[in-house]
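Residues per chain, in single letters:
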Amino acid sequence: RSSFLTSSQARKSRKLLASLKHLRSLVLKDTGMFEEMSFLSSLGQLTCLHITNASWLKNHNFLRDLVDLEELEIFHDKHLVHLDAFRSLGSLRRLRLQGCRALEDIEGLQELSQLEVLFLRSCYRLGDVDPIASLHRLRMLDLYDCSSLHDVSGVMALPQLSYLHLGRCDALQAFHGR
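Residues numbered from 1 in each chain as written. Predicted model: local features only at pLDDT ≥ 70, side-chain atom pairs only at ≥ 80, totals over all residues. Heavy atoms only, no water.

## Some thoughts on the overall build of the chain
Then, in step 1: A tally of helices and strands in the chain yields one helix and seven strands.
Then, in step 2: Each helix and strand of the chain, placed in order from N terminus to C terminus, yields the pattern α-β-β-β-β-β-β-β.
Then, in step 3: Across the 178 residues in the chain, those meeting the buried criterion constitute 44%.
Then, in step 4: For the chain, the accessible surface area stands at approximately 9000 Å², while carbon and sulfur atoms represent 47% of it. (Helix = DSSP H or I, 4+ residues; strand = E, 2+ residues; numbered from the N terminus. Buried < 20%, exposed > 50% of the residue type's maximum accessible area, 1.4 Å probe, protein only. Areas by Shrake-Rupley, 256 points an atom, 1.4 Å probe, with all protein chains shown as cover.)

Set out below in structure tokens:
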């Protein structure tokens, strides 16, 4: 079921959410009413953010202020092309991007040194995952249905990697073992 808010109602909802200073976890589902997400920067204790059906999300700069975020999920974001806004998320341990069909550049992930679990599912334009090679804490990597992915040799030397999912990666050519 879709819900539509007037701009006044959306402004009040943003203000209410921004006032929840002790909020640690937030799930936003089908919330196209929040085209502008900068109000999240006031949630200093937020450690977990899940955004589903994020096709309405056009600007990701709000993420730069969420430096204590430990878990982030974004599903079906058709505007996410690169991960520049993710660079400041140094506390991030779990990242799940699914159905982000325009994502082609994951430069910036290499700065997320605490990352242990990474799901990049159905990111059809993603061609290589070289930036992941420096994530030495990474235990789980799921690249299912990244149909343009052609090389994963850079991640084969990750010391903690115990789970790797490469199903439906039809363009995969380079796969060198440890």
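The rest of the description comes next.
## Brief notes about the pattern of salt bridges
Think of it this way: side chains of opposite charge can pair up when their charged atoms draw near.
Then, in step 1: Applying the stated criterion to the full structure yields eight salt bridges.
Then, in step 2: Taking the shortest distance from any N to any O, the salt bridge between Arg94 and Glu71 comes out at 3.9 Å. Taken together, the positions of Arg94 in strand 4 (residues 94–98) and Glu71 in strand 3 (residues 71–75) put the pair 23 residues apart, joining distant regions of the chain.
Then, in step 3: Judged by its relative accessible area of 32%, Arg94 is partly exposed.
Then, in step 4: Judged by relative accessible area, Glu71 falls into the partly exposed class, the value being 21%.
Then, in step 5: A single salt-bridge network, built from bridges that share partners, covers Glu70, Arg93, Glu116 and Arg139. (Salt bridge = Lys/Arg side-chain N within 4 Å of Asp/Glu carboxyl O.)

## Overview of the pairing of strand 2 (residues 48–52)
It is a general feature of regular strands that their side chains alternate between the two faces of the sheet.
Then, in step 1: Most of strand 2 is tucked away: five of the five residues are buried.
Then, in step 2: Residues of strand 2 alternate between two faces, with Cys48, His50 and Thr52 on one and Leu49 and Ile51 on the opposite face, all of them buried.
Then, in step 3: The pairing of strand 2 with strand 3 spans four bridges and is parallel. Looking at strand 3, one finds that Leu49 is bridged to Leu72. (Pairing = 2+ DSSP bridges.)

## Considerations on unusual backbone geometry
Then, in step 1: Positive phi is not limited to glycine here, since His76 has a value of about 60°.
Then, in step 2: The topology assignment puts His76 in the loop between strand 3 and strand 4.
Then, in step 3: Residue classification places His76 among the partly exposed residues on the basis of a relative accessible area of 37%.
Then, in step 4: We note that Ser122 has phi near 55°; this positive angle belongs to a residue other than glycine.
Then, in step 5: Along the chain, Ser122 falls in the loop between strand 5 (117–121) and strand 6 (140–142).

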